[in-house]
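Here are the chains, one letter per residue:
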Amino acid sequence: MKIGGVDPQSLPKEHILVLPRGDQQVVFRAVGVPDMDEFETLCPEPKPPGKLTKDGWEPNEGDENWKTQMLHHGRRRMAYMAIKTLAASDIEWDTVDPDSPKTWTNWETDLREAGFSQVEINRITQLVWEANCLDEEKLERARKVFLRGQQQESGESSGLPTEPESTPSGEPASA
């Protein structure tokens with residue numbers, strides 16, 4: 001697929017966060033998660049309990065147990081996104097196993113125990129969101145680059161692309 005001659009897969013997809021550590025730097029590389037299909041397969045959304053009535057199945061979305069399950073599901077979803085997004089960083093997790101959903105929510109704890117401050121963990125979380133979100137700032141930046149390119153194109157071709165060999169009167173054009 002191409003859009004206006006551009007292959008969408010050719011666009012840069014990696015976001016980088018560099019955190020100082022003395023004379024060295026810790027580099028986090030983030031690549032957006034293309035879809036959540038794997039997550040939905042591994043962790044299907046909990047269904048609320050309910051009852052069968054004469055009108056059909058009526059879910060009880062006020063059930064406290066279901067609300068708790070949904071809260072855990074949301075946390076696990078965010079953790080999955082963070083782990084998958086940061087996979088390009090080649091992190092050797094202490095308690096997180098990317099193949100075990102039960103461990104995913106430990107990702108922030110692992111970072112904290114590795115010596116990252118809460119402010120740094122917030123920046124890492126922001127990096128995860130940045131890699132996975134299309135916000136107004138990105139759209140505005142893209143619009144400006146696009147429009148600047150349009151202006152350059154129109155500024156470069158204000159006349160004929162080549163010099164004519166003669167003028168309308170038939171005399172040779174002066175160079």
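Before reading on, note that the structure itself is shown above.
Below you will find a few notes about this structure. A quick note: this is a predicted structure, and the numbers were derived from the prediction, not measured. (Residues numbered from 1 in each chain as written. Predicted model: local features only at pLDDT ≥ 70, side-chain atom pairs only at ≥ 80, totals over all residues. Heavy atoms only, no water.)

1. Looking at the overall build of the chain
For the chain, the count of helices and strands is five helices and four strands. Each helix and strand of the chain, ordered N terminal to C terminal, gives the series β-β-α-β-β-α-α-α-α. Taking the intrachain contacts of the chain between residues at least 6 apart in sequence as the baseline, contacts between residues at least 24 apart amount to 51%. Approximately 13,100 Å² of the chain is accessible, and the part contributed by carbon and sulfur atoms is 51%. (Helix = DSSP H or I, 4+ residues; strand = E, 2+ residues; numbered from the N terminus. Contact = heavy atoms within 4.5 Å. Areas by Shrake-Rupley, 256 points an atom, 1.4 Å probe, with all protein chains shown as cover.)

2. Let's talk about the side chain of S89
Along the chain, S89 turns up in the loop between α2 (64-85) and α3 (107-113). Setting aside chain neighbours within four positions, we find S89 in contact with V27, F28 and R29.

3. Digging into the pattern of salt bridges
Using the criterion set out here, one finds five salt bridges in the structure. Between R29 and E14 there is a salt bridge whose closest N-O contact spans 3.2 Å. Pair noted here: R29 is in strand β2 (residues 24-31) and E14 is in strand β1 (residues 14-21), with a separation of 15 residues, a long-range link. For R29, a relative accessible area of 33% gives the class partly exposed. (Salt bridge = Lys/Arg side-chain N within 4 Å of Asp/Glu carboxyl O. Buried < 20%, exposed > 50% of the residue type's maximum accessible area, 1.4 Å probe, protein only.)

4. Observations regarding α2
Since one α-helical turn is 3.6 residues long, residues separated by three or four positions face the same way. Here α2 contains 22 residues, and its C-alpha end-to-end distance of 32 Å stays within 8% of the 32 Å for a straight helix at 1.5 Å per residue. Burial in α2 covers these residues: W66, H73, M78, A79, Y80, M81, A82, I83 and T85. Residues of α2 that are buried make contact with β2, α1 (37-42), α3 and α4 (118-132). (Expected span 1.5 Å × (residues − 1).)

5. Brief notes about the pairing of strand β3 (residues 50-53)
When β3 meets strand β4 (residues 56-59), the two strands line up antiparallel, connected through four bridges. Bridge pairing links K51 to E58 in β4. Hairpin connection of β3 to β4: two residues between the antiparallel strands. (Pairing = 2+ DSSP bridges.)

6. Describing the nonpolar core
Of all hydrophobic cores here, the largest spans 26 residues; its most connected members are F28, L86, W104, W107, L111, F116 and I124. Of all elements in the fold, only β1, β2, α2, α3 and α4 reach the threshold of two or more residues within this core. It is α2 that contributes the most residues to this core, six residues altogether. The contacts of F28, once residues within four sequence positions are left out, are H15, I16, L17, L19, L86, S89, I91, L111, F116, I124 and L127. (Core = buried A, V, L, I, M, F, W, Y, C linked by side-chain atoms within 4.5 Å.)

7. A word on unusual backbone geometry
A positive phi angle is found at D90, which is not glycine, with a value near 55°. Within the element layout of this structure, D90 appears in the loop between α2 and α3.

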